[in-house]
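Here are the chains, one letter per residue:
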There are 2 protein chains.
Amino acid sequence: MKMNKLFLFQWLLLLIFTKTSLIFSKPHKIPRLTPLIQNIIQDHSNTFSSSTNDLPKEFETYYYKQTLDHFNYGPKSYSTFKQRYIINSKYWGGSNSSSPIFAYLGAESSIDGDPLGVGFLTDFAPQFKALLVYMEHRYYGESSPFKTMEEAVKDEDTRGYFNSAQAIADYAELLLHIKEKYSAKNSPIIVIGGSYGGMLASWFRMKYPHIALGALASSAPILYFDNITPQNGYYSVVSRDFKEASKSCYHTIRKSWAMIDKIASRKSGLSYLSRKFKTCSKLNDPFELKDYLDSMYSVAAQYNSPPSYPVTIVCGGIDGAPKGSHILDRIFAGIVAYRGNSSCYNMNPKPSETGLGWRWQTCSEMVMPIGRGEYDTMFFSAPFNLNNFITDCKKKYGVSPRPHWITTYYGGKDIKLILQRFASNIIFSNGLRDPYSSAGVLQDISHSLQAVHTRNGSHCLDILSKDSSDPEWLTMQRNTEVKIIEGWIAKYYADLKALQKGKMH
Amino acid sequence: MKMNKLFLFQWLLLLIFTKTSLIFSKPHKIPRLTPLIQNIIQDHSNTFSSSTNDLPKEFETYYYKQTLDHFNYGPKSYSTFKQRYIINSKYWGGSNSSSPIFAYLGAESSIDGDPLGVGFLTDFAPQFKALLVYMEHRYYGESSPFKTMEEAVKDEDTRGYFNSAQAIADYAELLLHIKEKYSAKNSPIIVIGGSYGGMLASWFRMKYPHIALGALASSAPILYFDNITPQNGYYSVVSRDFKEASKSCYHTIRKSWAMIDKIASRKSGLSYLSRKFKTCSKLNDPFELKDYLDSMYSVAAQYNSPPSYPVTIVCGGIDGAPKGSHILDRIFAGIVAYRGNSSCYNMNPKPSETGLGWRWQTCSEMVMPIGRGEYDTMFFSAPFNLNNFITDCKKKYGVSPRPHWITTYYGGKDIKLILQRFASNIIFSNGLRDPYSSAGVLQDISHSLQAVHTRNGSHCLDILSKDSSDPEWLTMQRNTEVKIIEGWIAKYYADLKALQKGKMH
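Residues numbered from 1 in each chain as written. Chains lettered and ligands numbered in written order. Predicted model: local features only at pLDDT ≥ 70, side-chain atom pairs only at ≥ 80, totals over all residues. Heavy atoms only, no water.

For chain A, an unreviewed UniProt entry supplies the name Lysosomal Pro-X carboxypeptidase and the organism Solanum commersonii.

Our focus in this paragraph is the state of the cysteines. This model, assessed by the stated rule, comprises 6 disulfides over all chains. Note on cysteine connectivity: Cys249 of chain A is disulfide-linked to Cys315 of chain A, with sulfurs 2.1 Å apart. Classification of the bridge connecting Cys249 of chain A and Cys315 of chain A rests on its S-S torsion, roughly -70°, and on that basis the disulfide is left-handed. On the criterion of sequence distance, the pair formed by Cys249 of chain A in helix α9 (residues 247-265) and Cys315 of chain A in helix α12 (residues 310-320) is long-range, its members being 66 residues apart. Take Cys249 of chain A and Cys315 of chain A: they sit in the same class, and that class is buried. A sulfur-sulfur distance of 2.0 Å marks the disulfide that ties Cys280 of chain B to Cys344 of chain B. Judged by the torsion about the S-S bond (90°), the Cys280 of chain B/Cys344 of chain B disulfide is right-handed. Highlighted residues: Cys280 of chain B in the loop between α10 (269-276) and α11 (286-302) and Cys344 of chain B in the loop between α13 (327-339) and α14 (353-364), separated in sequence by 64 residues. Since its relative accessible area comes to 38%, Cys280 of chain B is described here as partly exposed. We classify Cys344 of chain B as partly exposed; its relative accessible area is 25%. Here chain A pairs its bonded cysteines, counted in sequence order, in the arrangement 1-3, 2-4, 5-6. (Disulfide = S-S within 2.5 Å. Helix = DSSP H or I, 4+ residues; strand = E, 2+ residues; numbered from the N terminus. Buried < 20%, exposed > 50% of the residue type's maximum accessible area, 1.4 Å probe, protein only.)

It is worth spelling out the environment of Pro188 of chain A at this point. Residues and elements named next belong to chain A. Within the fold, Pro188 resides in the loop between α6 (164-181) and β5 (189-194). Separated by 93 residues in sequence, Pro188 and Ser281 have C-alpha atoms that sit 54 Å apart. With near-sequence residues (within four places) excluded, Pro188 lies in contact with Ser98, Ser99, Pro100, Ile101, Leu213, Ile489, Tyr492 and Tyr493. (Contact = heavy atoms within 4.5 Å.)

With an RMSD of 0.1 Å, the operation that places chain A on chain B is a rotation of 180° combined with a shift of 0.0 Å along the axis. The transformation relating the two chain copies, once decomposed into turn and shift, fits a two-fold axis. Looking at chain A, 100% of its interface residues are interface residues in chain B too, so the copies touch through the same face. (Least-squares fit on C-alpha atoms with pLDDT ≥ 70 in both.)

Here we come to the interface of chain A and chain B. Between chain A and chain B, the residue contacts involve 58 residues of the former and 58 residues of the latter. Summed over both partners, the interface of chain A with chain B comes to about 5100 Å²; 59% of that surface belongs to carbon and sulfur atoms. Linking chain A with chain B are 4 salt bridges, by the criterion used here. Of the charged contacts, one joins Lys185 of chain A and Asp414 of chain B as a salt bridge, the two residues approaching to 3.5 Å between their closest N and O atoms. Counting residues per element, the ones that place at least two in the side of chain A that touches chain B are α6, α7 (196-207), α14 (353-364), α16 (405-410), α17 (415-419) and α18 (472-500) of chain A. When its residues are assigned to classes, the side of chain A that touches chain B shows 26 nonpolar, 18 polar and 14 charged. (Buried area = accessible area lost by both parts, 1.4 Å probe. Salt bridge = Lys/Arg side-chain N within 4 Å of Asp/Glu carboxyl O. Nonpolar A, V, L, I, M, F, W, Y, C, P; charged D, E, K, R; others polar.)

Residues and elements named next belong to chain A. When the domains of chain A are assigned, the result is domain 1 (1-30 + 227-402) and domain 2 (63-225 + 412-500). Between the C-alpha centres of domain 1 and domain 2 there is a distance of 30 Å. The interface of domain 1 with domain 2 comprises 36 residues on the first partner and 38 residues on the second. Buried area between domain 1 and domain 2, summed over both chains or domains, comes out near 3100 Å², and the portion from carbon and sulfur atoms is 62%. Per-residue buried area on domain 1 facing domain 2 is highest for Ile228, Glu353 and Trp360; these three make up 19% of the total on that side. Inspection of the domain 1/domain 2 interface yields 1 salt bridge. A salt bridge links Glu244 to Arg455; its shortest N-O distance comes to 3.5 Å. Counting across the interface, domain 1 meets domain 2 through 19 residue pairs in polar contact (both at pLDDT 80 or more). Among the secondary structure elements, those contributing two or more residues to the side of domain 1 that touches domain 2 are α8 (233-245), α11 (286-302) and α14. (Domains from an automatic or database assignment. Polar contact = N/O pair within 3.5 Å; in protein donor to acceptor, adjacent residues only side chain to side chain.)

We now examine the side chain of Arg372 of chain A. All names here are of chain A. Relative to the elements of secondary structure, Arg372 occurs in the loop between α14 and α15 (386-397). For Arg372, a relative accessible area of 2% corresponds to the buried category. Within the structure, Arg372 has its side chain in polar contact with the side chain of Asp294 (distance 3.0 Å). Sequence-distant contacts of Arg372, that is, excluding residues within four places in its chain, are made with Gln231, Asn232, Tyr235, Asp294, Thr377, Phe379, Phe380, Ser381, Ala382 and Pro383.

Here the focus is the pattern of salt bridges. Counted under the stated rule, the structure contains 26 salt bridges over all chains. Here Asp495 of chain B makes a salt bridge to Arg421 of chain A, at a shortest N to O gap of 2.7 Å. With Asp495 of chain B in helix α18 (residues 472-500) and Arg421 of chain A in the loop between α17 and β7 (426-431), this pair bridges two chains. Asp495 of chain B sits in the buried class, given a relative accessible area of 8%. Arg421 of chain A sits in the partly exposed class, given a relative accessible area of 40%.

Another aspect to go through is the sheet that holds β5 of chain A. Residues and elements named next belong to chain A. Strand order in this open sheet of 8 strands is β1-β2-β4-β3-β5-β6-β7-β8, and the pairing throughout is mixed. On the outer flanks of this sheet lie β1 (59-67) and β8 (449-454), each paired with one strand and no other. Going from strand to strand, the sheet's axes swing by 20° on average, the running direction of each strand aside. Across the sheet, helix α4 (residues 119-128) is in contact with β1, β2 (80-88), β3 (101-105), β4 (131-135), β5 and β6 (214-218); its angle to β4 comes to roughly 155°. (Pairing = 2+ DSSP bridges. Axes fitted to C-alpha atoms, helices over the stretch in contact; angles between N-to-C directions.)

Quick look at the structure:
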């Protein structure tokens, strides 16, 4: 039963990945930042709740009348929209207790599953007596200012407000509101996020240090902008993961791309491939298949977490095919092992809300030049070409992306030089098996800007719920993070006390 | 000759002050942050140039194609406008020399006079081998995205982009452009600004530490928001300045308000006052006169600088009137002493570009609750009432100000607690005779967030040009600032060297 659900959700995950690539056609395929919730679904399918209605009653849902445009005082910006947030005060020390607030920053999906999925908050709330807050990112879930995501991103007048600076300004305004509502003036706030949400968490601490005391930025690839990280960082890690799991599997995959192209170039080759891979509709182009596989391997590597280790599952299929099997039969066996036995495999899925939203975000400001060259990974060559990317986005939305904006607004270049004497209280956590760790902060910047990573960890693993099956290194990583946060809070209380005693002014 | 010019420019200055008050009618008079250039004009009238055409040829004027809206990707935000900036490379160490860049952040006026007026940059450029950059604030001078200021602020569709977050984002984008243009990758940037520009400088270092290494924020009242500073801080300092200059002068002024009201309430009282004060047009209300005087005293205190000391000039007139003179004759003598002998005094001036722009800025986000109660200053009572203020702004612009936005975006509350472990490299300089110093940072926050103030200094005095008549305390203040900046740069070079040697990663 659990396995069936697992496969179902992995399937959903794949849809999102695949779709993005199809939109940007062959040369500019970019693996999107998978919403964290997908991972939760994958690993915790039995606890997942698809709507906040199913949440235990200690999670209370609220809506805040949020400012549409924080940086413009034109007529439209005075519009407001309903931003959803969820509060859990079960563990809280109470008003005027100075007990901390853990604030989860929603990312590129609804927050429906986050309260149960992002277990870090509930797992450690009792020992901190923390108030828990989960805030939904504008345009996703129930926090869309303009009807559906589809409508919002289609219209040039409505999608403009959909960006990261506006989103973290939402969080700033909302957190000040919550502090007032809960009489929590002296409660330090720790912001927590994963993946894109992890970027938001680190950026939030940098831009709003007066609101958040510190940030736990899990698997945040903040260095994947403006060519700070080599293009092929992502796929290099995917390839390494597969190589480490099984050399023969790695080599089979590496050889498969040319084989697919070769067959596709033959008369009736595409029909042959469609039958061989049980595609739900006939392949129009070999890229559809290659992209499906690319996404599958990427997802498996990104979420290559215990206890199931998806890369091992895929390679189990590939390596386990009968001796002498054709390369493509092995590849198909990998699909079946990972996705389950299905009557057909959909390589042309409809885009999800997340897919639609993230597509706009990457075409406006979140321009991450992820690509790869010839033979530098186990994949076929697919360099990121900025000019082509810009052309595609322009075709789609009529406007050009701003590929330098993220580094202009948030920085990222020479990060050690800049931040070692500025900023504090950020944990950059990563698992080195996560392809996005290639653009994460993996070394301490200063004593209070710390990199906490695990050799075998995967994407956002540390902020998911504790489990009795957790390996020791994962438990240790979480405990390290908790200790660092305790240190920030202890220092803050000492500062506060000194201030109140008049030692400081 | 010099005196005539002096009076002429003081007159211009007054126009701006007075106008703002008239707009908001009696109860909500707010002394605006006078543009720094007005001060320069006052003290350096012989070196002032009214247009950049008159600048020495080492100052070169350029225009940057600037993004209209950095935080929205709607159709209009892709518009651009021409932002003016001026470069002086006479003293610069050259491309790839790592010599620093001094960047002056324009405030609420044209930058025409800044290159010669803000002498701190040219005075200290040789010893730093600094490249000098002067950037104009959007909507002022030649950097208006929409024709004239008058048209821009009248139209709800065009004035929305006119705010501080957009302005500092302009500076971020432009400075990165300049670094590239001048091959100055490793050149540290020190941002410098005064008054509102000083706020922008400190905020810029906080928001864009990856672009500016440090900030000299001169006379920046960053704590005059959201009631962090008591309402009457400004007028308390004005009153103290007058009391220190002359107790009798102070008492004369203090008593004058009731006298004006008493006479105005009589039949033909306003005609009498109009004649007595030689107003260019008949007074409609005693407030016009009181507001004119209020502004004159405030300006005199704000710019109470050597060698002329305007407060002493005003009080010289008041105290120097023939023995036994009527209170109002003494007050008029104060006007004549300060403003010069004139055929009439204009108490209903037309608003300047600065007045029009700043009015919008205060009615949108720069809400500074400056007021005073009954008998707590030498002035008549004029409490700041936020609700009335909002009503007035709504009437004028159709939209409500956002009085909490500045503290939400930039912070300010509990500044010591927040910033002692975050941020670095900001000098908050103040002169304690400047009424705005009441909302300045007057104590060190940390070893790298330093308050440098002088007991006798006035508004933005430290960043004006050196003069042989400068008192020793002013020279010392500037030298202290220079030493601090040298320290930042030395540390930066050491960090850079260590990084390049591979000691850091």
